[in-house]
Amino acid sequence: MNRPLVLSIVCVGCLLEVCCWQATPQEATTVVMQTKEGTTEPEMVQQELPVRFGFGQRATRAEIAAWDIDVRPDGQGLPAAAGTVAQGRSIYAQKCAACHGPTGKEGPFDVLVGREPREGFPFGKSMEFFRQKTIGNYWPYSTTLYDYIQRAMPQNQPGSLQAHEVYSLVAFLLYQNEIIGPDARLDAQSLPLIRMPARDRFVRDNRQGGVTFR
Ligand code: HEC
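Everything in this summary refers to the structure shown in the same document.

The rules behind the values
- Residues numbered from 1 in each chain as written.
- Predicted model: local features only at pLDDT ≥ 70, side-chain atom pairs only at ≥ 80, totals over all residues.
- Helix = DSSP H or I, 4+ residues; strand = E, 2+ residues; numbered from the N terminus.
- Buried ≥ 20, exposed ≤ 12 C-beta atoms within 10 Å, placed from the backbone.
- Contact = placed C-beta atoms within 7 Å.
- Near = placed C-beta within 6 Å.
- Nonpolar A, V, L, I, M, F, W, Y, C, P; charged D, E, K, R; others polar.
- Core = buried A, V, L, I, M, F, W, Y, C linked by C-beta atoms within 7 Å.
- Axes fitted to C-alpha atoms, helices over the stretch in contact; angles between N-to-C directions.
- Parallel < 35°, antiparallel > 145°, perpendicular 65-115°, else oblique.
- Left-handed = near helix turned anticlockwise from the far one by under 90°.

**Quick notes on the overall build of the chain**
The helix and strand inventory of the chain stands at seven helices and five strands. When the helices and strands of the chain are read in sequence order from the N terminus, they spell out β-α-β-β-α-β-α-α-α-α-α-β. The proportion of buried residues among the 214 residues of the chain is 19%. Long-range pairs, those at least 24 residues apart, make up 59% of the contacts in the chain with a sequence separation of at least 6.

**Considerations on unusual backbone geometry**
Note the cis peptide between Gly107 and Pro108, where omega equals 20°. Look at the link from Met153 to Pro154: it is a cis peptide, with omega at -10°. Along the polypeptide, Pro154 turns up in the loop between helix H6 (142-152) and helix H7 (163-176). At Glu178, a residue that is not glycine, the phi angle is positive and equals roughly 60°. By secondary structure assignment, the location of Glu178 is in the loop between H7 and strand E5 (185-187).

**With respect to the site of the ligand**
Taken together, 16 residues surround the ligand, and among them Cys96, Cys99, Met153, Pro154 and Gln155 come closest. At the level of secondary structure, the elements contributing two or more residues to the shell around the ligand comprise helix H4 (97-100) and H6. A total of three residues in the shell around the ligand trace back to one element, the largest contributor, which is H4. Its residues assigned to classes, the shell around the ligand shows 10 nonpolar, three polar and three charged.

**A few points about the nonpolar core**
For soluble globular proteins, nonpolar side chains are generally found buried alongside one another. Grouped together as the largest cluster of nonpolar side chains are 28 residues, with contacts concentrated most on Tyr146, Leu169, Val170, Ala171, Phe172, Leu173 and Tyr175. Those elements that place two or more of their residues in this core are helix H3 (85-95), H6 and H7. For this core, the element with the most residues is H7, which contributes nine residues. When near neighbours in sequence (up to four residues on either side) are disregarded, Phe172 contacts Val85, Gly88, Arg89 and Tyr92.

**Overview of the packing of H6 against H7**
Taken N-terminus to C-terminus, the directions of H6 and H7 make an angle of 130°; their axes are 9 Å apart at the nearest point. In terms of orientation, H6 and H7 fall into the oblique class. Note that H6 runs across H7; the crossing there is right-handed. Along its contact with H6, which presents Ser142, Leu145, Tyr146, Ile149 and Gln150, the element H7 presents Val166, Leu169, Val170, Leu173 and Leu174.

**Some remarks on the packing of H3 against H7**
Across the interface, H3 lies against H7 with an axial gap of 7 Å and an inter-helix angle of 95°. It follows from the interaxial angle that H3 and H7 lie roughly perpendicular. Only Glu165, Ser168, Leu169, Ala171, Phe172 and Tyr175 of H7 make contact with H3, whose side of the interface consists of Val85, Gln87, Gly88, Arg89, Ile91 and Tyr92. In terms of residue class, the contact of H3 with H7 is made up of seven nonpolar, three polar and two charged.

In structure tokens:
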């Protein structure tokens with residue numbers, strides 16, 4: 001085979017295959033992985049891309065905003081709204097208790113409430129502890145709770161919760177896990193300040209050498 005075999009092609013590379021017949025100016029470049037001729041060694045190769053591919057349309061600000069819902073560990077991305085433990089209690093009863101139990105401990109689906117009373121961090125060490133991960137004993141960031149609930153819960157209607165409902169649910173679940181008090185009110189400023197019990201139980205994977213998977 002004379003032409004180098006394309007080992008892995010990023011999506012952009014696939015588009016290039018489909019669209020490069022169009023007579024558009026060749027200005028941009030992309031980098032793809034190819035095998036070096038005569039070897040099995042991969043190497044980075046620059047390829048030219050057309051300026052426009054000739055299909056699709058520019059995303060509007062509203063379309064981008066609708067997808068741009070991620071909340072980062074430091075709280076970046078949290079919307080301006082607020083919620084309380086008391087409000088969360090009633091929303092939880094209506095929208096969550098059927099799957100997670102009246103107090104968050106009963107299931108039938110994931111147990112959300114519970115603190116790890118034992119010393120150490122037994123998860124992963126034994127199947128006995130496999131099912132016992134909860135918000136109180138495992139989650140390292142309070143803000144991830146906001147991110148997860150707004151995008152994934154309730155499981156039968158994800159994306160249906162308003163921001164104030166999500167803050168309220170986060171407040172209720174943190175209260176149930178004995179992390180905040182019964183009168184707490186959470187918003188974009190106060191939520192990132194909550195330090196989770198499991199925060200320091202994770203270590204960075206800083207191993208060096210060998211094949212790296214991240
Ligand atoms: C129809 C059932 C159902 C409903 C209703 C539901 N959940 Fe869930 N929830 C699940 C299932 C199933 C999972 C596990 C999903 C997975 O692992 O991918 C889950 C996972 C979660 C988790 C992550 C648990 C963990 O530690 O991994 C949280 C937090 C959560 N739900 C909160 C809520 C909240 C808050 C509500 C109410 C707004 C809610 N859920 C409503 C079924 C449900």
